[in-house]
Amino acid sequence: MRRVLALTAALLLLLTGCTAADDGPDDGVVRLRFQSLAWQKESVDANRQLVEEWNAAHPDVQVEYVQGSWDSVHDQLLTSFEGGEAPDIIHDASDDLADFAYGGLLADLRPLLSERLRADIPARSWETTTFGEGVYGVPFLQEPRVLIANRKILEASGVRVPTPEKPWSWTEFRQIAQDLTRTMGPGRYAVAWPLKEPVSVSLNLGVSDGGRLFHRGPDGRVTVDFTEADGTVHDQVVTDRTAPRTTLGSGGSDTLPGFFAGKYAMVPLGFAYRQQIAQQAPEGFEWTVLPAPAGSEGLAQGVSPQTLSIAEDSPHKKEAARFLDFFLRPANMVRLARGDWMLPTGAAALADPSLHTARDGWATGAAVARRLRPAPAQSVRGYPEWKDKVATPAFQEYYSGAIDGAELRRRLVEDGNRVLARYQRG
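Residues numbered from 1 in each chain as written. Predicted model: local features only at pLDDT ≥ 70, side-chain atom pairs only at ≥ 80, totals over all residues. Heavy atoms only, no water.

S.K.: With reference to specific residues and values, describe the overall build of the protein chain.
M.R.: The helix and strand inventory of the protein chain stands at 18 helices and 16 strands. In terms of overall dimensions, the protein chain is globule-like: its C-alpha atoms have a radius of gyration of 24 Å, near the 22 Å expected for 426 residues. Once the C-alpha set of the protein chain is aligned to its principal axes, its extents read approximately 95 × 45 × 35 Å. Here the protein chain holds 426 residues, and 51% of them are scored as buried. Long-range contacts, defined here as pairs at least 24 residues apart, represent 74% of the contacts in the protein chain between residues at least 6 apart. Looking at charge distribution, the protein chain has the averaged site of its 45 positive side-chain charges lying 2 Å from that of its 55 negative ones. (Helix = DSSP H or I, 4+ residues; strand = E, 2+ residues; numbered from the N terminus. Rg over C-alpha atoms; globule rule 2.2 N^0.38 Å. Buried < 20%, exposed > 50% of the residue type's maximum accessible area, 1.4 Å probe, protein only. Contact = heavy atoms within 4.5 Å. Lys, Arg positive; Asp, Glu negative; His and termini not counted. Charge placed at Lys NZ, Arg CZ, Asp CG, Glu CD.)

In structure tokens:
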């Protein structure tokens, strides 16, 4: 019996030693893992520099920078949560948080965040990370959609150039596209729509006309319903021939060679694409940033900000929140925004003069940023599956003219509600 007890004690010591080794050295230092999705060099540099500055000033709380990828973040996080290996601090987008938040995988940040940070970010931005009664992420970077235009083509055509104060309406945009296409000549188009990811474009730009696709009932359940689809893209491609069908399956970067060559006068893109344009445009190419067309709700757009969350399983939530407060100080938020060529959510950072210059269209983006609203799909459980399996192919076929508006509605509503219902049972 004594031998059994001795062996058991030895095994327990070994197991304890293994656990301590897995958790790192027992030196009293708190170690946090921060998974960042920054990918552009300037953005990665800004993220890494801020981590280094924190570590230098806080020897008792050290942060490890872990590189993630936007392409696989949802599935990667699912795997890490299931395996108990989620990073302490998680970089993501607000429209990807619903399932994690409702599933109890993210910490409610309300008791953790500083009053400064809570007050600096507007309520409309906090709405994007609020699920039920809790707040499960800090929205810190946002990206409006804008029109990147060939300045010489616009000036030569004599069309009215829009400003945030006097934008084009959607009707005027369609007419101007017709005028531009006529003046540009055969084989050239006023606008190229890169719609490899058509769902967010359709939903978020539809906000300007009061578009509403998701409806939450008294019981809290969400269903899909709408009367008719916005026809601007469909009409420009199928009816007016002012936009080519060939770019509908393209990503934004794929349209840039044709844009630089003068094949397209305008390309609707996310604000961050300005970095690629500034770096890749041929010498002498002149471009400008225009606000997206306005509807009955003005320049309103839906947006899904980039977010920072804390894993519910993290044993060091307070220390992680301290790091977030440092990481998102106004001056640091400006550094992150400029590194990603995006706009900060924080009011103090957004007021920074460097984000209001005419160069590279910063001032236009800053003006539009004040009209941004939570994307329509923010709190919808099952949205990623609905988007990938139902909405993306349906919108792509509609915009290309393969199906009409009635069939688009049937797929989004009937097929879509079957998907969403699985996530809302019980």
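So that's the structure; there's more coming.
S.K.: Describe in detail the sheet that holds strand S14 (residues 306-310), supporting the description with residues and values.
M.R.: Reading across the sheet, the six strands line up as S2-S1-S3-S14-S6-S15 and stay open at both edges, with mixed pairing between neighbours. This sheet does not close on itself; its edge strands, each paired only once, are strand S2 (61-67) and strand S15 (343-344). In this sheet, S2 lies alongside strand S1 (residues 30-36) in parallel orientation, the contact comprising seven bridges. Pairing of Val-30 across the sheet is with Val-61, part of S2. Its contacts with the sheet put helix H2 (residues 41-57) on S1 and S2, and the angle it makes with S2 is roughly 165°. Sitting on the sheet, helix H13 (residues 317-327) touches S1, S2, strand S3 (89-93), strand S6 (138-142) and S14, and the angle it makes with S14 is about 155°. (Pairing = 2+ DSSP bridges. Axes fitted to C-alpha atoms, helices over the stretch in contact; angles between N-to-C directions.)

S.K.: Talk me through the sheet that holds strand S7 (residues 145-150); I want residue IDs and the actual numbers.
M.R.: Overall, mixed pairing links the four strands, which are arranged S8-S11-S7-S12 in an open sheet. Only two strands of the sheet have a single neighbouring strand rather than two, namely strand S8 (189-191) and strand S12 (287-291). Shown here is a sheet whose adjacent strand axes are inclined to one another by a mean of 30°, direction ignored. Here helix H8 (residues 170-184) sits on the sheet in contact with S7, S8 and strand S11 (264-270), set at roughly 150° to S8.

S.K.: So, the pairing of S12: which residues are in play, and what are the values?
M.R.: Taken across its five residues, S12 has five buried, putting it largely inside the fold. Going residue by residue along S12, you find Trp-287, Val-289 and Pro-291 tucked away on one face and Thr-288 and Leu-290 tucked away on the opposite face as well. Direction of pairing for S7 relative to S12: antiparallel, over a ladder of five bridges. Its bridge partner lying in S12, Ile-148 is registered against Val-289.

S.K.: Any chance you could break down the environment of Gly-84 for me, citing the residues and the numbers?
M.R.: Of note, Gly-84 is situated in the loop between helix H3 (73-82) and S3. C-alpha of Gly-84 to C-alpha of Ser-314: the two residues are 230 residues apart in sequence and 9.7 Å apart in space.

S.K.: Let's hear about the confidence of the model for the protein chain: which residues, and what values?
M.R.: Of the residues in the protein chain, 93% have a pLDDT of 70 or more, and the chain-wide mean is 90. Low pLDDT, under 50, characterises residues 1-22; the predicted model gives this stretch zero contacts beyond four residues in sequence or across chains. (pLDDT = per-residue confidence, 0-100.)

S.K.: Explain the side chain of Thr-392 to me, and be specific about the residues and the numbers.
M.R.: Positionally, Thr-392 belongs in helix H17 (residues 383-400). Thr-392 gets classed as buried once you look at its relative accessible area, which sits at 12%. Within polar-contact distance, the side chain of Thr-392 engages the backbone oxygen of Lys-387 at 2.8 Å. In this view, Thr-392 contacts Lys-196, Pro-198, Val-199 and Lys-387; residues no more than four positions away in its chain are not counted. (Polar contact = N/O pair within 3.5 Å; in protein donor to acceptor, adjacent residues only side chain to side chain.)

S.K.: Give a description of the packing of aromatic side chains that names residues and reports values.
M.R.: This structure, assessed with the given rule, holds 21 aromatic pairs. Between Phe-34 and Phe-323, the aromatic rings sit 5.7 Å apart at their centres with planes inclined by 55°, giving tilted as the arrangement. Placement of the pair is Phe-34 in strand S1 and Phe-323 in helix H13, with a sequence separation of 289 residues. Judged by relative accessible area, which is 0%, Phe-323 ranks as buried. (Phe/Tyr/Trp six-rings, centres within 6.5 Å; stacked < 30°, edge-to-face > 60°.)

S.K.: Summarise the packing of helix H9 (residues 198-206) against H17; cite the residues concerned and give the values.
M.R.: Packed helices, taken two at a time, are described by the angle between their axes plus the distance between the axes. Across the interface, H9 lies against H17 with an axial gap of 8 Å and an inter-helix angle of 85°. Relative to H17, the element H9 lies roughly perpendicular. Seen from H9, the contacting residues are Pro-198, Val-199, Ser-202 and Leu-203; seen from H17, they are Tyr-383, Trp-386, Lys-387, Ala-391, Thr-392, Phe-395, Gln-396 and Tyr-399. For the contact of H9 with H17, the residue count by class is eight nonpolar, three polar and one charged. (Parallel < 35°, antiparallel > 145°, perpendicular 65-115°, else oblique. Nonpolar A, V, L, I, M, F, W, Y, C, P; charged D, E, K, R; others polar.)

S.K.: How would you explain the packing of H8 against helix H10 (residues 232-239) if you had to name every residue and give the values?
M.R.: Relative to each other, H8 and H10 sit at 20°, their axes nearing to 11 Å. One way to sum up the angle between H8 and H10 is to call them roughly parallel. Regarding H8 and H10, the two cross each other, and that crossing is right-handed. In this structure, H8 uses Trp-170, Phe-173, Arg-174 and Ala-177 to contact H10, whose residues at the interface are Thr-232, Asp-235, Gln-236 and Thr-239. For the contact of H8 with H10, the per-class residue count stands at three nonpolar, three polar and two charged. (Left-handed = near helix turned anticlockwise from the far one by under 90°.)

S.K.: A description of the nonpolar core should follow, citing residues and the corresponding values.
M.R.: If you look at the biggest cluster of nonpolar residues, it comprises 49 residues, and the most contacted ones within it are Leu-180, Trp-193, Phe-214, Met-266, Trp-386 and Leu-412. Of the residues forming this core, the biggest block, eight residues, is contributed by H17. (Core = buried A, V, L, I, M, F, W, Y, C linked by side-chain atoms within 4.5 Å.)

S.K.: Go over the environment of Leu-308 with me, naming the residues and quoting the values.
M.R.: With respect to the helices and strands, the residue Leu-308 is situated in strand S14. Residue class for Leu-308 comes out buried when judged on its relative accessible area of 0%. Sequence separation of Leu-308 and Lys-263 is 45 residues, and the distance between their C-alpha atoms is 39 Å. Residues contacting Leu-308, with those up to four places away along its chain left out, are Phe-34, Ile-90, His-91, Leu-109, Gly-137, Val-138, Phe-140, Leu-324, Phe-327 and Leu-328.

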